Each structure stands twice: as structure tokens, then as C-alpha cells.
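# Summary of the model geometry
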Amino acid sequence: MFTKKIDKRIKIVFLLIITILFLVFIRVFYIQVFEYKKLNKLASSLWSRNLEIEADRGKILDRNGEVLADNLTTSSLVLIPNQIKNKEDTTKKLANILGLSYESMKKHVFKNTSIERVHPEGRRLSYDVAKKISDLKLDGVYLVKEAKRNYPYKDFLSHVLGYVGIDNQGLSGIELQYDKYLRGENGVIKYFSDSHGNKLSLSDIYKEAESGMNVSLTIDINIQKSIERELDNIEEMFNPDMALAIVVNPNNGEVLGMASIPSYDPNKYKEYGTSVLSRNLPIWSSYEPGSTFKIMTMASAVEENVIDIFNDHFYDAGKVNVDGSVLKCWKSGGHGDQTYLQVLQNSCNILVKTGTK
């Protein structure tokens, strides 16, 4: 009896061990097969760090390939606080170069983070400033490439082209409308560090940035220059509240030139208010041409030999009923019998053809 009890207990213990091992095996299998990517990503995030490299925006070109918007290469300041050995000395030196107070710079240098971008003071640095920082050779201080948007024609076509923000995102005009094509895809430098931020002796991984697509417009920069020049003359002579001009190819509707005043320099858009930045007058400022368009109607009719401006006669009775609506001439009682040339001279609204002489 005693031996049987022992055998039974051994079997129970054995079964428990087998069950536990089976559960462990199932768990390991689940982790290796189903949780592998997730856990590998979490593990990688503990010891890998990414320095993003900004992609160049695509260029904006006129119909002949003339560059209307391109990029200038600049540098931006990035810190890895855990790698900075002498933080006080680093803070003083960087603050002096960037023209910041010690306290302002200290917030970046002493920040408890893996990577710190000095924003906005350390963005889009000039060559001279970037060189001064590079020459210091400070631990944990890096300069990464960034592209700054450049508009070589300054205020020419400014309302059409628009402008971009500090992160090179389109904020208005063509820059905003086609942002997803112009933006490109950022690259990255991946390096490895321990839990204290110290760089490990492993090779960095570099992924090259992909520039955005170029966008070609129907604009002709030579026609645009003429428009801009004439608008400047108008502004100088008459000082109007606003003025605008559009040149369109009548055969296909292509816009060859478009401008309005007041305009602005998109390279310095922060110096202007929304009353200037958001006023692309040829697009949103609606104005009925009224009787001035009668010239276009007459010119078309003459071109197609539909009328004889001297011999065709019309009668203006002052009003006419059109499908239940009464249309009136501006002159009470109308102008009576007239030739088509007189119709244009008097700017008649109501015309009934009476014959030809």
C-alpha cells in the first residue's frame, strides 16, 4: 500500500512537471512567433537612437524650367544630454554663440531626454554659427543637415507660390496645395547607446533622405516679370488699396502670370500680417465685370461676323420679360431705336433686334 501511494505521488508530480514544461514551451513559442516583432522593437528602442535627417523639398519650376522655389542647405543643433560631460561649460559656450541667456540654454542641455532638438533657436543656423559650434567639438553636441526654403525672385508670384513653416511644411499657395508631393521622406542616422546614453562601439546605420518631387507650373516667369513691373508702376502712380492682374492663354486656359498687390517676400513671411499673407486677390476677390464685359461680347460678335455695328438696329423699351423675370435697363423708359454701336456707347441692357438698314 505504501509503495502504491509513492508511485501515485510520483506520477502526479511528473504530470505537473510535464504540464508546466508544456505551458512554458507554448509561451516561448508564442513569444518567438507572435510577439517577436513587438518585443524586438521595444528592446531596440532601449538602446538605439535616431537622428532625423530632413529631406529636401521638391523644386517649383515655371513652364520653361526656371526655378521659382528651391532649397538652401543649413544645419540645426541637436543635443544628447547624457553624452555631455561638462554641462555647465557646454551651456555657457552654446548660449554665447546662439545669443541666448544661460537659463534658456540650460533647459535644453540639462533636459532629461535621450535626444533634444534646440528649437527654435538652434534651427536653420547660418554657416558661420554652425562652424563656431562645430569647432568646439563638444561631447553630445551634434549638427544635422536641414534644408531651408529659398525663393530667388522674392516677392514675385508670392501669393501663388505661398510659403513654408519652420519644419518645411507647406502653409499656403502651391506649397500647401502640393505639400504631399513636395515634402519628400526624411532620412535617419541610427546610433546605439547604453541606458546611460553612452555611445556603444557599434556601426551607425544611415538611411538616406528622399527628396520631394518637383512641381512645374504653367507660369512663364518673363510674363510674370512684366505683370509685376506694371503693378509696381500702378502702385507708385495711384497708391491703390489693391491691384491684381492675370494673364491666361485663351486657347487652353493656362495661367501664364498672376500677381496682386500688396505682395510679400516668402523668404521673410514672418514679417507680414495675415492681411497680406492671406490675400491672393486673383483667386478669392470676386468682382462682377458688369457692363465692361459688353466689350468682350461685341468684339466676339464682330469677329464672327454675327452683327454689323453700323447697320443692325435694336430697340430698347426699358424692360423685357424673360421666363417670368423682368429685366430692366439702367435708363428708365430705355433708349429706343439704336445701332449696335450706339448700344455699346449707351451700355444698354435690354436689346430686341428690329432689322438691318
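Before any of the text, the structure's been laid out above.
Bear in mind the structure is a predicted one, so any value in this text is a computation, not a measurement.

About the cut-offs
- Residues numbered from 1 in each chain as written.
- Predicted model: local features only at pLDDT ≥ 70, side-chain atom pairs only at ≥ 80, totals over all residues.
- Heavy atoms only, no water.
- Core = buried A, V, L, I, M, F, W, Y, C linked by side-chain atoms within 4.5 Å.
- Buried < 20%, exposed > 50% of the residue type's maximum accessible area, 1.4 Å probe, protein only.
- Helix = DSSP H or I, 4+ residues; strand = E, 2+ residues; numbered from the N terminus.
- Contact = heavy atoms within 4.5 Å.
- Axes fitted to C-alpha atoms, helices over the stretch in contact; angles between N-to-C directions.
- Parallel < 35°, antiparallel > 145°, perpendicular 65-115°, else oblique.
- Left-handed = near helix turned anticlockwise from the far one by under 90°.
- Nonpolar A, V, L, I, M, F, W, Y, C, P; charged D, E, K, R; others polar.
- Phe/Tyr/Trp six-rings, centres within 6.5 Å; stacked < 30°, edge-to-face > 60°.
- Lys NZ or Arg CZ within 6 Å of the ring centre and 35° of its normal.

Membership of the largest hydrophobic core comes to 20 residues, with the highest contact counts inside it found for Ile-60, Leu-157, Leu-161 and Leu-217. Put simply, the parts of the chain that give this core at least two residues each are strand 3 (67-79), helix 6 (158-161) and helix 10 (274-277). Apart from residues lying up to four places away in sequence, Leu-161 is in contact with Ile-60, Leu-68, Tyr-151, Phe-156, Ser-172, Gly-173, Ile-174, Glu-175 and Leu-217. Leu-98, Met-105, Ile-133 and Val-141 belong to the second-largest nonpolar core, a separate cluster that totals 14 residues.

Between helix 3 (residues 87-98) and helix 4 (residues 102-109), the shortest axis-to-axis distance is 9 Å and the interhelical angle comes to 125°. Considering their axes alone, helix 3 and helix 4 lie oblique with respect to each other. For the pair helix 3 and helix 4, the crossing hand works out as right-handed. Facing Lys-87, Glu-88, Thr-91, Lys-92, Leu-94, Ala-95 and Leu-98 of helix 3, the residues of helix 4 in contact are Tyr-102, Met-105, Lys-106 and Val-109. When grouped by side-chain class, the residues that make up the contact of helix 3 with helix 4 number six nonpolar, one polar and four charged.

Residue placement: Asp-89 occurs in helix 3. On a C-alpha basis, the gap between Asp-89 and Leu-138 in space is 9.7 Å, while along the polypeptide they are 49 residues apart.

Here we come to the packing of aromatic side chains. Within the structure shown, the criterion is met by six aromatic pairs. Ring geometry for Tyr-153 against Phe-156: centres 6.4 Å apart, planes inclined by 10°, an arrangement best described as stacked. Look at Phe-156 and you get partly exposed, because its relative accessible area is 22%. What links up through ring pairs into an aromatic cluster is the set Tyr-163, Tyr-264, Tyr-269 and Tyr-272. The ring of Phe-110 has Lys-106 sitting right over it, with the charged end atom 5.3 Å from the ring centre.

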